[in-house]
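Analysis of the macromolecular model
In case you want the letters, here they are:
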Amino acid sequence: MEEGTGFRGVLLDSQRQMASLTPDTPCSCDCFVSVPPASAIPAVIFAKNSDRPRDEVQEVVFVPAAMHSPGSRLQCTYIEVEQVSKTHAVILSRPSWLWGAEMGANEHGVCIGNEAVWTKEPVGEGEALLGMDLLRLALERGSSAQEALHVITGLLERYGQGGSCREDPTPFCYHNTFLLADRTEAWVLETAGRLWAAQRIREGARNISNQLSIGTDISAEHPELRAHAQTQGWWDGQGTFDFAQVFSLIQQPVRMEAAKARFRIGRELLGQEQGTRRVASVWILEASALQPAWCPFCPGTPHSPASTSSQPRQTPPGQCLNHSSLEWGEPRPPKCCPQLLEHRTLLGPCPDSRLRWIAGTSFTGDTR
């Protein structure tokens, strides 16, 4: 098969696109979590920035809980999977053209955000589940962060991940990392093809960006992870197994190189503010600090669209957060991209123990 045709051509095109990215390309896709005592309040705080393409519509949608008939099938972005008997209510921030979501939360207090990564494992051949499909499936089916993790790894093992991740004639494919949190703990899940490693976060603060970040502190892993690495010659089977070191590309794409600075800054800010109430603002500070250099929506950018941002609101007792509980404010300086910030308290399942902010961008003019 000639270069530039078939799957090999897709992979090469995707790699060339990554290589062509410059440090000034908008990239601010980051997830943060703070687990007591780092939060200084009895709450788990979750946050994510999304840096999807500037002309892509990302919707905030509420999907109610539902019961499903035995044997029914579910159409995701590219493929069908088996449906479960019951799905949880979810609120999602999702690119309008696909089925999955960049980030979201469910009725049980589970929050998930994902990040794009490239590893030594090639991107999946053909259409499979997108990382964003896996994220939504985990929210609809998992009642805890750990249960949601098992949903993702089970579906990953059965169906794999693959397909173009943006609505563009030129394919753009990647693997995924996830940050999952509930009222008591968080998990970092990082994938390479169908393989994966996970780290449990029971206290402290943690952030992820567009790179592998799990080293030797592995709480769970794919049963064939180390054997595969040894077979490929990436690990000798003798020394300490460092997932990020073993599976990261030797020559990182520019996008992943740029993520190193964001990851480092986020980690430093979270470390400085652990144990203070300011930890909830670290994500906002990091996003604001990067916005002038990274954001295509900053004032002065050619064809910069007008924007409207959502305002924070406490969910009233007895009311599930949905479209009716998002209050849209007057036009104000544009946000970089859709953002999600959540408080998850340890007070139990009562609706008034949840506080959620979602900031987005609505297009009102020419977005060429």
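Residues numbered from 1 in each chain as written. Predicted model: local features only at pLDDT ≥ 70, side-chain atom pairs only at ≥ 80, totals over all residues. Heavy atoms only, no water.

All chains considered together, the criterion is met by zero disulfides. Cys29 takes part in no disulfide bond, and the closest cysteine sulfur to it belongs to Cys31, at a distance of 6.3 Å. In this structure Cys29 comes out as buried when scored by relative accessible area, which is 4%. (Disulfide = S-S within 2.5 Å. Buried < 20%, exposed > 50% of the residue type's maximum accessible area, 1.4 Å probe, protein only.)

Another point: the pattern of salt bridges. A full pass over the atoms with the stated rule returns eleven salt bridges. A salt bridge links Asp30 to Arg262; the nearest nitrogen and oxygen atoms lie 2.9 Å apart. Of this pair, Asp30 sits in strand 1 (residues 30-35) while Arg262 is found in helix 6 (residues 254-273), placing the two residues 232 residues apart along the sequence. Arg262 carries the same exposure label as Asp30, and that label is buried. Residue Glu80 pairs with Arg73 through a salt bridge whose shortest N-O separation is 3.6 Å. On the accessibility criterion, Glu80 (39% relative accessible area) is partly exposed. Within this structure, Lys48, Glu102 and Glu115 form a network of salt bridges that share partners. (Salt bridge = Lys/Arg side-chain N within 4 Å of Asp/Glu carboxyl O. Helix = DSSP H or I, 4+ residues; strand = E, 2+ residues; numbered from the N terminus.)

Let us look at the sheet that holds strand 3 (residues 58-63). Hydrogen bonds along the backbone pair up the strands of a sheet, which may run parallel or antiparallel. With antiparallel pairing, eight strands are arranged side by side in an open sheet as 3-8-9-10-11-12-13-15. What marks the edges here is a single partner per strand, and that holds for strand 3 and strand 15 (220-221). Pairing of strand 13 (residues 195-201) with strand 15 involves two bridges; the strand directions are antiparallel. Note on strand 15: the bridge partner recorded for Ala198 is Ala220. This element, helix 3 (residues 145-159), spans strand 10 (111-117), strand 11 (175-181), strand 12 (186-192) and strand 13 of the sheet and lies at about 10 degrees to strand 12. (Pairing = 2+ DSSP bridges. Contact = heavy atoms within 4.5 Å. Axes fitted to C-alpha atoms, helices over the stretch in contact; angles between N-to-C directions.)

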